[in-house]
Amino acid sequence: MQLYTRTGDKGETSLIGGRVRKDDARVEAYGTIDELNSFVGLAAAEAVKHEQLRDLAGRLIDIQQELFDCGSDLAYAQEGAPFKMDGEPAVRLEQWMDGYVAESPEITKFILPGGNSASSALHVCRTVCRRAERRVVTLAGEHAINEAVLVYLNRLSDFLFAAARYANAKLGVPDTEYVRSANVFRKGKGKSKSKGATKGKTEGETE
């Protein structure tokens, strides 16, 4: 199979329903989701090295499948396209997240991204997921999209934060608190929430 086509040599690419510049908002959105998918694969490769995290590794592979669905839905430039994503995957992420929060130490302060290699990779995934969400918001301001994709990305970034803390907890690695942090998290129903929501989104904050 020949991988190169030369059709994009002038900075354009094909969508389902047309051609656009490679810096088009739609390409930026699904391209960033593709980037996220690669980092999730890296996190899964790190998690599977540890028996305690095999369940997490399997869930990350499921998430990779769903991220492909998200990218596919955003690649449609024509109206009336058959979407793959619905609300069920986001609900499942919430259920997984609640389980990971229950198995992690209570959190009161902001923490530094890091810990074991799996947790560190998951924190990278979380930040790339937030960027992917921002790219999709930009796209949604210009074109109609499958809103289930936006909901999924918002929930996924929260899940990745919970999963990163879970990975540290399962391997006995404590989170490192941000030394100048006030007590900004309070107990919520099944998750931690930040009291500093007016200061902008921060790691671990759900919205």
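Keep in mind it's a predicted model, so treat the numbers as computed, not measured. Each chain carries its own residue numbering, running from 1 in the direction its sequence is written. The model is predicted, so local features are restricted to residues of pLDDT at least 70 and side-chain atom pairs to those at 80 or more, both for listing and for counting; the totals for chains, interfaces and linings are taken over all residues. Calculated side-chain values reflect all of the structure's heavy atoms, with hydrogen atoms and water omitted.

A word on the overall build of the protein
Strands are runs of DSSP state E lasting at least 2 residues, helices are runs of H or I lasting at least 4, and numbering of each runs from the N terminus. Secondary structure summary: the protein contains five helices and six strands in total. Counting helices and strands in the order they occur from the N terminus, the protein gives β-β-α-α-α-β-α-α-β-β-β. Looking at the protein as a whole, 44% of its 207 residues are labelled buried. Should any heavy atoms of two residues lie within 4.5 Å, those residues are counted as being in contact. Look at the contacts in the protein between residues 6 or more apart in sequence, and 72% of them connect residues 24 or more apart. In these tables, accessible area is a Shrake-Rupley quantity obtained with a 1.4 Å probe, and a residue counts as shielded only by the protein chains included in the view. When the accessible surface of the protein is split by element, carbon and sulfur atoms take 51% of a total near 11,000 Å². Relative accessibility thresholds used throughout: buried, under 20% of the residue-type maximum; exposed, over 50%; partly exposed, between the two (1.4 Å probe, protein chains only).

Points about the environment of proline 82
Within the secondary structure, proline 82 sits in the loop between helix H2 (54-74) and helix H3 (88-102). Residue classification places proline 82 among the exposed positions, given a relative accessible area of 58%. For proline 82, the residues in contact, after removing those within four places along its chain, are Asp73 and Tyr76.

Concerning the environment of serine 120
Mapped onto the secondary structure, serine 120 falls in helix H4 (residues 117-140). The class for serine 120 is partly exposed, based on a relative accessible area of 26%. In the structure, serine 120 is positioned 77 residues away from alanine 43 in sequence and 8.3 Å away in space, judged by C-alpha atoms. For serine 120, the residues in contact, after removing those within four places along its chain, are Gly114 and Gly115.

Details of the packing of aromatic side chains
In summary, the pairing rule links any two rings of Phe, Tyr or Trp, Trp by its six-membered ring, whose centres are within 6.5 Å, and it sorts them by plane angle into stacked for under 30 degrees, edge-to-face for over 60 and tilted for everything else. Here the structure, examined in full by the defined rule, presents four aromatic pairs. Summarising the aromatic geometry, the rings of tryptophan 96 and phenylalanine 159 are spaced 6.0 Å apart at their centres and angled 50° between planes, so their arrangement reads as tilted. Of this pair, tryptophan 96 sits in helix H3 while phenylalanine 159 sits in helix H5 (residues 147-170), and the two are 63 residues apart along the sequence. For phenylalanine 159, a relative accessible area of 0% gives the class buried. With a centroid separation of 5.6 Å and 85° between ring planes, the pair formed by phenylalanine 110 and phenylalanine 185 is classed as edge-to-face. Here phenylalanine 110, found in the loop between H3 and strand E3 (111-112), pairs with phenylalanine 185, found in strand E5 (residues 185-187); they are 75 residues apart in sequence, far enough to count as distant.

Quick notes on the pattern of salt bridges
What counts as a salt bridge is simple: a side-chain nitrogen of Lys or Arg found within 4 Å of a carboxyl oxygen of Asp or Glu. Per the counting criterion, the structure on display carries 11 salt bridges. For glutamate 35, the salt bridge identified is with arginine 131, shortest N-O distance 2.9 Å. With glutamate 35 in helix H1 (residues 25-47) and arginine 131 in helix H4, the pair connects residues that are 96 residues apart, well separated along the chain. Taking relative accessible area as the criterion, arginine 131 reaches 23% and is therefore assigned partly exposed. Among the salt bridges present, the one from glutamate 66 reaches arginine 92, with a minimum N-O distance of 2.1 Å.

Details of the nonpolar core
Residues Leu56, Leu60, Ile63, Leu156 and Phe159 are the most contacted members of the largest nonpolar core, which totals 46 residues. If you list the elements that add at least two residues to this core, you get H1, H2, H3, H4 and H5. Aside from chain neighbours lying at most four places away, what touches phenylalanine 159 is Leu56, Leu60, Ile63, Leu93, Trp96, Met97 and Tyr100. The criterion is simple. A nonpolar core is a set of buried Ala, Val, Leu, Ile, Met, Phe, Trp, Tyr and Cys residues joined through side-chain atoms within 4.5 Å. Residues Ile107, Ile111, Val184 and Phe185 belong to the second largest nonpolar core, which totals six residues.

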